[in-house]
Amino acid sequence: MSKKYYLTTPIYYVNAAPHIGHTYTTMAADLVARWKKMQGYDVVLTTGTDEHGQKIERAAKSVKKSPQEFTDIVSGEFRDSWQRLNLGIDRFKRTTDPEHHKKVQALFLACKERGHVYKGSFTGQYCVSCELYVNDANQGDPCPDCGRPTETVTEENYFFKLSAFQDKLLKLYEDQPDFIQPDTRRNEVMAFVKGGLKDLSISRTSIKWGIPVPGEEKHVFYVWFDALTTYMSAVEGEDRWPADLHLIGKEIVRFHAIYWPAFLIAAGWPLPRKVFAHGFLLFGNEKMSKTKGNLVRALPIQEVIGAEALRYYLMREVTFGQDGNFSYDALVTRYNSDLANGLGNLVSRTLSMITQYRKGVLPAGPGNAEVADLARTAIGAVREAYESFQFSRGLESLWSLLSAVDKLIVENAPWKLVKSAEPADQAKLDETLYTAAETVRLASSLLYPVLPESTAKIWAQLGFTSPVAQVAADALDWGQLPAGQALGATGPLFPRIELQPAVDKMVELELKDKARQDALVGKAPVAEASNIAPLAPQITIDDFVKVDLRVGQVLSAERVKGSDKLLHLQIDIGEATPRTIVAGIAEAYTPEQMLGRKVAIVANLAPRKLKGIESQGMIVAASREGEKPTLAGFLEDVPVGARLK
Ligand code: MSP
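Described in the following lines is the structure provided in the data block. Here the structure is a predicted model, which is why all the values come from computation and not from measurement.

What counts and what doesn't
- Residues numbered from 1 in each chain as written.
- Predicted model: local features only at pLDDT ≥ 70, side-chain atom pairs only at ≥ 80, totals over all residues.
- Heavy atoms only, no water.
- Pairing = 2+ DSSP bridges.
- Helix = DSSP H or I, 4+ residues; strand = E, 2+ residues; numbered from the N terminus.
- Core = buried A, V, L, I, M, F, W, Y, C linked by side-chain atoms within 4.5 Å.
- Buried < 20%, exposed > 50% of the residue type's maximum accessible area, 1.4 Å probe, protein only.
- Domains from an automatic or database assignment.
- Contact = heavy atoms within 4.5 Å.
- Near = heavy atom within 4 Å.
- Polar contact = N/O pair within 3.5 Å; in protein donor to acceptor, adjacent residues only side chain to side chain.
- Expected span 1.5 Å × (residues − 1).
- Bend = angle between axes of the 7 residues up to and from the residue.

Sheet architecture is open: three strands sit in the order β14-β13-β15, paired in mixed fashion. Of all the strands in the sheet, just β14 (286-287) and β15 (324-326) have a single pairing partner and so form its edges. Bridging between strand β13 (residues 281-283) and β14 involves two bridges; their strand directions are antiparallel. Within the sheet, the bridge partner assigned to L282 lies in β14 and is K287.

Rendered as structure tokens:
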């Protein structure tokens, strides 16, 4: 039985449709998977979608869909994309899958039974956008990841005793030095862990869209406890765990290299073997983001220049592990120089010479000894580069081999040799043609993980009817080309592309695709006119300043007995004692959601009694006729008591 190899990409959030960042990781994972298959491994590659949490709930609401409908659509976009880009995904796991729920609950119970979780109450600064509490942050601090203001949140949570795992984790990094790669990431993680670990909140009571915590009505699992477990639920019952490789982007190293092994050690379950974190793709040397609107998508690129051109470009241009810039111009330029001119030209030149000078039949080897040596060196270099995720270095070595053959062809000038009647010249011609064709065969085998479709075309042009043989490990040796084999039908592989029209076309398609995806996942639809209440009669500024609006912070919140609509709140607006306010928002907000929240208050409204409680003000909220209210809030942090004018 062949050895198993199990690798994963992150499971992607469904609040944004797939973009080139997700594609980058998934393409690299597909490359590794194909390479491992070539080495004879029985490989499984898993990806999927991360579908729970407040952000997704909100995104669904903004396009008037239920979370389930919404996640079905966006998850489908990911699955389709990977298919259209010819990425060989073996398992696609969604966190909404019931089998996954069971696994997350089992992990929790295993941690709980072994005494690693407890229930506590937590007040902290929370970034709603990143779904993260920000350690050591004070009120008003921005989120270190996205820069948005954090909110102060208090809630009952389950905690994981991460603080107890410092030594075990450090031992893991010492015992398995390549558990986290590259080394820069390993060093960062080790420094972080040495600085001490805080216990980790692993459940929420303020979110509904999540996996229920066993035995707890109000709690659902917090994103990372849920998401990471996908790596196991994706291969449940398959005897695949532990994973050999988690391929991820650098921003989620902490979760994979600290939380995940700690959860697994706590549960007594086996640990993955390696986490490799690559760098970020930038656009115009800036971070890509949905808010900036500068996300590049892969499908428009595929339509114009093909998925393999993109794949080659990403793997060749960017040093895997470091950040790199994506540019449409560089993509087309790289395609023209390396694929159209470099590889494509060598293949077509070689095959057309064999067709013309040897009636389309492959001559016998062993070929030019110097080039054979260079080829052996290149095989070693590529092998080592792929194994250590240095894809661009591997491709660079391969292209120097191609140039050496180009040089040999120019030096030996087959077009002159063919005219000579000397047997020595004819032998030299055979040697040159064999060397070129064998280099093409070998290079295309080494390139298969990067260009699976184009390399299959090259093998067919070389006359191989069973391309499978060319992806076997023993194909990676000089001298395999069968003498006497007739070439297959030849044709262009990588036609040259004109730079500007191609770039213009990609940008045009990109904008179209963005509009389509925005409609699916992003922009709130424009309100229907009929639903908007008529405007109130005009007022003057003097009328307006009579209304004293203040920033208040909710100190406590509870439901008003006997009412479905009302919440009884204590709100600090900077006065000596907090205000009691009764607000008709209970259908839209739970008391837990209100705790710590900053709201806008009408502070000089005459008090009035509601259900026997005197309300000393009103919370400002927006709603359309017959719809639930949405509280007015602040994007930046504001001090309690500030006046709205
Ligand atoms: N859902 C979490 C991951 C959970 S894994 C158990 C998540 N999702 S995500 O949609 O934000 O995807 C993040 C991953 O997408 C990164 O780690 C990386 O693999 C890829 N990329 C997203 N943007 C990227 C770039 N701009 N550049 C390179 N890869 C990036 O985090």
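Moving on, we get to the nonpolar core. Residues I301, F326 and L343 are the most contacted members of the largest nonpolar core, which totals 110 residues. Looking at which element gives the most residues to this core, the answer is helix α12 (residues 328-358), with 13 residues. Among the domains, domain 1 (4-298) and domain 2 (329-475) are the pair contributing at least three residues each to this core. Other than its neighbours up to four places away in sequence, F326 contacts I20, L282, F283, G284, V296, I301, L310, Y313, L314 and L331.

This paragraph deals with the site of the ligand. In the vicinity of the ligand there are 24 residues, among which I11, Y13, T25, D50 and L281 approach most closely. For the ligand, an oxygen atom lies 2.9 Å from a polar atom in the backbone of Y13. Contact between the ligand and H22: an oxygen atom at 3.3 Å from a side-chain N or O atom of the residue. Every element with two or more residues in the shell around the ligand is listed here: β1 (4-13), α1 (20-38), α7 (223-228) and β11 (245-249).

Summarising burial for strand β19 (residues 598-602): five of the five residues are buried, a large majority. Judged from the five bridges that link them, strand β16 (residues 549-559) and β19 form a sheet pairing that is antiparallel. Paired with G552 across the bridge in β19 is V599. Where β19 meets strand β22 (residues 618-619), two bridges bridge the pair, whose relative direction is antiparallel. Directly across from V602, in β22, lies its bridge partner M618.

Here the focus is helix α9 (residues 253-267). With 15 residues, α9 should reach 21 Å at 1.5 Å per residue; the first-to-last C-alpha distance of 21 Å fits that figure. For α9, the principal kink sits at Y259 and spans about 25°; a proline, P261, occurs within the next four residues. Within α9, 13 of the 15 residues are buried, which leaves it mostly tucked inside the rest of the structure. Looking one or two residues beyond α9, the residue adopting positive phi is G268, at roughly 80°.

Remember, this is a structural readout, not a statement about activity or role.
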